[in-house]
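# Per-entry structural report
Residue-level listing of the chains:
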Amino acid sequence: MNSAPLPPSPVHDRGSPAQPLLVVRDLKKHFPVRGGPLERTKKFVHAVDGVSFSVPKGKTLGIVGESGCGKSTTARLIARLMQADSGSMVFDGEGVDEFGGIRLKEFRRNLQMVFQDSFASLNPRLTIAETIAYGPRVHGMPAAEAKRQAHDLLARVGLAPAQFASRYPHELSGGQRQRVNIARALAFDPRLVILDEAVAALDKSVQAQVLNLLQELKAERQLTYLFISHDLHVVHYISDYVMVMYLGQVVETGPVERIYGQAAHPYTRALLSAVPSMDPDRRTESSPLAGDPPNPINPPSGCRFRDRCPHAHPVCEARTPALIGIAGEPAHQAACHLNDPASGHPGALPETQA
Amino acid sequence: MSAPLVSLQDLSVQFCGHRKASALNAVNIELGAGEVLGLLGESGSGKSVTLRTLLRLHPERTTKIQGKMQVDGQDVLALKGRALDLYRGGTVSMVFQEPGLAFDPVYTIGQQITEAIRAHEAVGEAAARAQALHMLERVQIPQARRRFDAYPHELSGGMRQRAMIALALACKPKLLLADEPTTALDATVQIQVLLLLRELQRETGMSVIFVTHDIGAAVEVADRIAVMYAGRIVEQAAVGDIVRAPRHPYTVGLLAATVGAEHRGQPLQAVPGAPPDLAALPPGCSFAPRCTHASERCRREVPPLTSLGNRAVACWHPVQPVAEAA
Ligand SMILES: Nc1ncnc2c1ncn2[C@@H]1O[C@H](COP(=O)(O)OP(=O)(O)OP(=O)(O)O)[C@@H](O)[C@H]1O
Ligand SMILES: Nc1ncnc2c1ncn2[C@@H]1O[C@H](COP(=O)(O)OP(=O)(O)OP(=O)(O)O)[C@@H](O)[C@H]1O
Ligand code: SF4
Ligand code: SF4
Ligand SMILES: [Mg+2]
Ligand SMILES: [Mg+2]
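Not measured: the values here are computed from a predicted model.

## A short note on the overall build of chain B
From N to C terminus, chain B includes 11 helices and 12 strands. Here the C-alpha atoms of chain B give a radius of gyration of 21 Å, agreeing with the 20 Å that 2.2 N^0.38 yields for 326 residues. Looking at chain B as a whole, 57% of its 326 residues are labelled buried. With 33 positive and 31 negative side-chain charges, chain B shows a spacing of 3 Å between the two charge centroids.

## As for the pairing of strand S8 (residues 224–228) of chain A
All names here are of chain A. Of all five residues in S8, five are buried, a share of seventy percent or more. Residue alternation in S8 divides its side chains into two sets, Thr224, Leu226 and Ile228 and Tyr225 and Phe227, and both sets are buried. The sheet contact formed by strand S3 (residues 60–65) and S8 spans four bridges and is parallel. Bridge pairing links Gly62 to Phe227 in S8. Alignment of strand S7 (residues 192–196) against S8, held across five bridges, turns out to be parallel. Note on S8: the bridge partner recorded for Ile194 is Leu226. Once the chain exits S7 it traverses helix H7 (residues 204–221) before rejoining the sheet at S8, and the crossover so formed is right-handed.

## What to know about the site of ligand 3
As a matter of local geometry, ligand 3 sits amid 14 residues, with Cys303(A), Cys309(A), Cys316(A), Cys336(A) and His337(A) nearest to it. Here the shell around ligand 3 is composed, by residue class, of nine nonpolar, four polar and one charged.

## Let's talk about the site of ligand 1
Residue and element names in this part refer to chain A. Residues in contact with ligand 1 amount to 14 residues; listed here are only the nearest, Gly68, Lys71, Ser72, Thr73 and His230. Within the side chain of Thr73, an N or O atom sits 2.5 Å from an oxygen atom of ligand 1. Bound to the protein, ligand 1 loses 69% of the 640 Å² it would expose on its own. At three residues, the largest contribution of residues to the shell around ligand 1 is made by helix H1 (residues 71–78).

## Description of the interface of chain B and chain A
Taken together, the 61 residues of chain B in the interface contact 56 residues of chain A. Roughly 4600 Å² of surface becomes buried between chain B and chain A when both sides are summed, with 53% attributable to carbon and sulfur atoms. When the area that chain B buries against chain A is broken down by residue, the three leading residues are Arg19(B), Val259(B) and Arg264(B), summing to 14%. Inspection of the region where chain B meets chain A yields four salt bridges. Our enumeration of links across chain B and chain A arrives at 21 residue pairs in polar contact (both at pLDDT 80 or more). Here the side of chain B that touches chain A gets seven residues from one element, more than from any other, and that element is helix H7 (residues 187–204) of chain B. Considered class by class, the residues forming the side of chain B that touches chain A number 28 nonpolar, 19 polar and 14 charged.

## Structural notes on the pairing of strand S4 (residues 86–91) of chain A
Residue and element names in this part refer to chain A. As paired elements, strand S1 (residues 22–33) and S4 share five bridges and run antiparallel to each other. Along S4, the bridge assignment pairs Arg25 with Ser88. Here two bridges tie S4 to strand S5 (residues 94–95), and the two strands are oriented antiparallel to one another. Bridging across to S5, Phe91 finds its partner in Glu94. The loop that links S4 with its antiparallel partner S5 comprises two residues; one of these, Asp92, has a positive phi angle of about 45°.

## Observations concerning the pattern of salt bridges
All names here are of chain A. Inspection of every chain in the model, using the stated rule, returns 28 salt bridges over all chains. Between Asp189 and Arg221 there is a salt bridge whose closest N-O contact spans 3.2 Å. With Asp189 in the loop between helix H6 (174–187) and S7 and Arg221 in helix H7, this pair connects stretches of sequence that are 32 residues apart. Residue classification places Arg221 among the buried positions, given a relative accessible area of 7%.

## As for the packing of aromatic side chains
All names here are of chain B. Counted under the stated rule, the structure contains seven aromatic pairs over all chains. Between the aromatic rings of Tyr229 and Phe287, the centroid separation amounts to 5.1 Å while the plane-to-plane angle is 80°, which identifies the pairing as edge-to-face. One end of the pair, Tyr229, is in strand S9 (residues 224–229); the other, Phe287, is in the loop between helix H10 (249–257) and helix H11 (296–300), with 58 residues separating them in the sequence. Its relative accessible area of 2% is what places Tyr229 among the buried residues. Given the relative accessible area of 4%, Phe287 is considered buried. Here the aromatic rings of Tyr250 and Phe287 are separated by 5.6 Å at their centres, their planes lie at 75°, and the arrangement is edge-to-face. In this pair, Tyr250 is assigned in helix H10 and Phe287 in the loop between H10 and H11, connecting sequence segments 37 residues apart.

## Digging into the environment of Gln269(B)
Residue and element names in this part refer to chain B. Among the structural elements, Gln269 can be located in the loop between H10 and H11. A relative accessible area of 54% means that Gln269 is categorised as exposed. It is 39 Å that separates the C-alpha atoms of Gln269 and Gln70, two residues lying 199 residues apart in sequence. When near neighbours in sequence (up to four residues on either side) are disregarded, Gln269 contacts Gly253, Ala256 and Ala257.

## Thoughts on the confidence of the model for chain B
Per-residue pLDDT for chain B has a mean of 92; in total, 98% of the residues score no lower than 70. With pTM at 0.90, the complex prediction returns an ipTM value of 0.89.

## Overview of the environment of Val319(B)
Residue and element names in this part refer to chain B. Along the chain, Val319 turns up in the segment after strand S12 (311–313). Expressed as a C-alpha distance, the spacing of Val319 and Pro246, which sit 73 residues apart in the sequence, is 7.6 Å. The residues contacting Val319, other than those within four sequence positions of it, are Pro246, Arg247, His248, Pro249, Val252 and His293.

## Here's the deal with the side chain of Arg191(A)
Structurally, Arg191(A) is set in the loop between H6 and S7. Side-chain polar atoms of Arg191(A) contact the side chain of Asp92(A), separated by 3.2 Å.

## Digging into the sheet that holds S4(A)
All names here are of chain A. Sheet architecture is open: four strands sit in the order S2-S1-S4-S5, paired in antiparallel fashion. Strands with a single pairing partner mark the edges of an open sheet, and in this sheet they are strand S2 (43–55) and S5. Contacting S1, S2 and S4, H1 crosses the sheet at an angle of about 115° to S1.

Analysis parameters
Residues numbered from 1 in each chain as written. Chains lettered and ligands numbered in written order. Predicted model: local features only at pLDDT ≥ 70, side-chain atom pairs only at ≥ 80, totals over all residues. Heavy atoms only, no water. Helix = DSSP H or I, 4+ residues; strand = E, 2+ residues; numbered from the N terminus. Rg over C-alpha atoms; globule rule 2.2 N^0.38 Å. Buried < 20%, exposed > 50% of the residue type's maximum accessible area, 1.4 Å probe, protein only. Lys, Arg positive; Asp, Glu negative; His and termini not counted. Charge placed at Lys NZ, Arg CZ, Asp CG, Glu CD. Pairing = 2+ DSSP bridges. Right-handed = clockwise from strand over helix to strand, strands pointing away. Near = heavy atom within 4 Å. Nonpolar A, V, L, I, M, F, W, Y, C, P; charged D, E, K, R; others polar. Polar contact = N/O pair within 3.5 Å; in protein donor to acceptor, adjacent residues only side chain to side chain. Areas by Shrake-Rupley, 256 points an atom, 1.4 Å probe, with all protein chains shown as cover. Contact = heavy atoms within 4.5 Å. Buried area = accessible area lost by both parts, 1.4 Å probe. Salt bridge = Lys/Arg side-chain N within 4 Å of Asp/Glu carboxyl O. Phe/Tyr/Trp six-rings, centres within 6.5 Å; stacked < 30°, edge-to-face > 60°. pLDDT = per-residue confidence, 0-100. Axes fitted to C-alpha atoms, helices over the stretch in contact; angles between N-to-C directions.

What follows is the structure, encoded as structure tokens:
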């Protein structure tokens, strides 16, 4: 039940079309944790530990990685819902909240987030139509227009306004609530939308409707998405680029076909092979990756994946692999000594062969 | 066959608070001891309501329940007081998508599992602690002795989920209700948790109702799958039969909408339209407004769940299975 497409919003490009919409440099966030009474030094969870990436305009960057590797924290730091310890951001060529750059308030309006927890992010005392109209009203949209837009958006995400507009969040299923959150984010007319597990709670048919909607809106409004998800099929479907994180760091990034076709990092390969079987006669017998991620309070030296990596070598403990381009494919980068002929890892491809 | 462990007969649940909703409409489910049922279906079709009703978690004042609900020979709707407390957690327990719902952040996970055991069994503190530690080892939490004294937030997502399974299984329930227990986990941890659930189910012989949107996850753990739409079971069959040859038009649509690598660059095949208003269900088949096979009869009469070979389908015109390759 799709309503008429929303009118395309004017896009205010500041930088050139080639200018990435968002550039993130060396983002860090360490959370202090309660130590034992006898411990002198304060301990920190290395939640986000030097994350750098960029997202081209109008593209979707999929972010995947183990539970707890810092995906949501990265998203919150970018949305400035939380202060980073260090790092910088450039939005369409301008430093965010820097002298001469884009002001924080303006940046926030250009960026909207849809969270994992559909319930916590909705005001229980507002009907869902009021919730969706609220933001635009605060930004000066006349009430009647905000209401009409809210109804259009509800219809657009598959919730018939006649049935749903006057409902309260607790009267919806988890999936229905998540669609309200997506509608609300779109009501701000943002340029960058961060979707953190936004379709995880939906059934496959509604998920398909929402993914189709996200794709249509992306084209209509030249939206750029950061799409965080554990669903590897969905990430494959929607992403132009994919970034893989492990324990607070980026271990691999590149165009979606490269990551899904020729993953270069052993963690990425393990992750991508962990998709459940669709054949009841051939169920999965063992997990492609045993054990648990190391403690984020005391990350291992060198490569953080080495305790679980089938290719680990003493050099992996001694030296931290840098995120570097694969030979001949500069957009595809991996942080693994196997991909660096100069690393000293005996399994690394010699330079001539690469 | 002996009496099933779980038997829901024409179970209906209506919410009659501020907003009326017929969340379940004459649901029939039978589950044998040791059987694993995957519950699939649209968002809002009543999967979580089914599980919550089995645990009697809905407030009595605003919820009207009709029909019969028997678990392990007990009439669940008649349980009261201490018997209900023992039933919850003892006979039936539940794991959620979000472990935060099961754990209290201010107590260690060891304390909470110990507490749960003591609430159900007449055992001393030390014995309960030993049993709790044993549970943490059984769900494969590494360094279980150390993790026993950890607070929930100190564990990784996968470990928290395993700790919640340990909590749910601590009192040896005969029925485990799992509401999307792996949705929030990454693929490698999801597989670990699914394999663990499968192993624990085999070891203990418990029955499981596993709610998920991930057909792959259901395939990994379930023997049978029931598909729900608008508060009704519309199709039920062995996992392989559902995945390979769905017969109900909604099941067909749901499977066709599932994303795969081959769909890149083209729109997905979503079932058009929206689910019906649960406060005003159509008189006939609830799926009729969205169904390409709908006839006059479909719009008039609710199709009962009837057996068709070794499956059950609630549809007047079931889809013909595509001839299977040998
Ligand atoms: N407010 C906080 N205080 C302390 N630690 C935190 C806080 N928020 C997150 N963490 C920790 O930081 C790490 C990264 O968490 P984050 O939520 O970003 O992971 P994630 O990749 O989004 O995981 P998931 O896939 O499970 O959602 C985890 O170890 C988490 O426990
Ligand atoms: N307390 C309540 N009052 C009124 N309606 C409710 C209540 N709880 C649930 N509902 C409605 O009952 C229906 C079934 O909800 P339920 O949570 O069981 O869906 P679900 O199948 O688990 O969906 P999802 O896959 O999105 O989790 C939904 O339409 C929901 O809006
Ligand atoms: S650097 Fe070494 S341990 Fe790390 S992923 Fe590569 S081979 Fe494995
Ligand atoms: S009963 Fe009729 S409307 Fe309902 S699913 Fe079957 S064919 Fe479609
Ligand atoms: Mg997260
Ligand atoms: Mg649910």
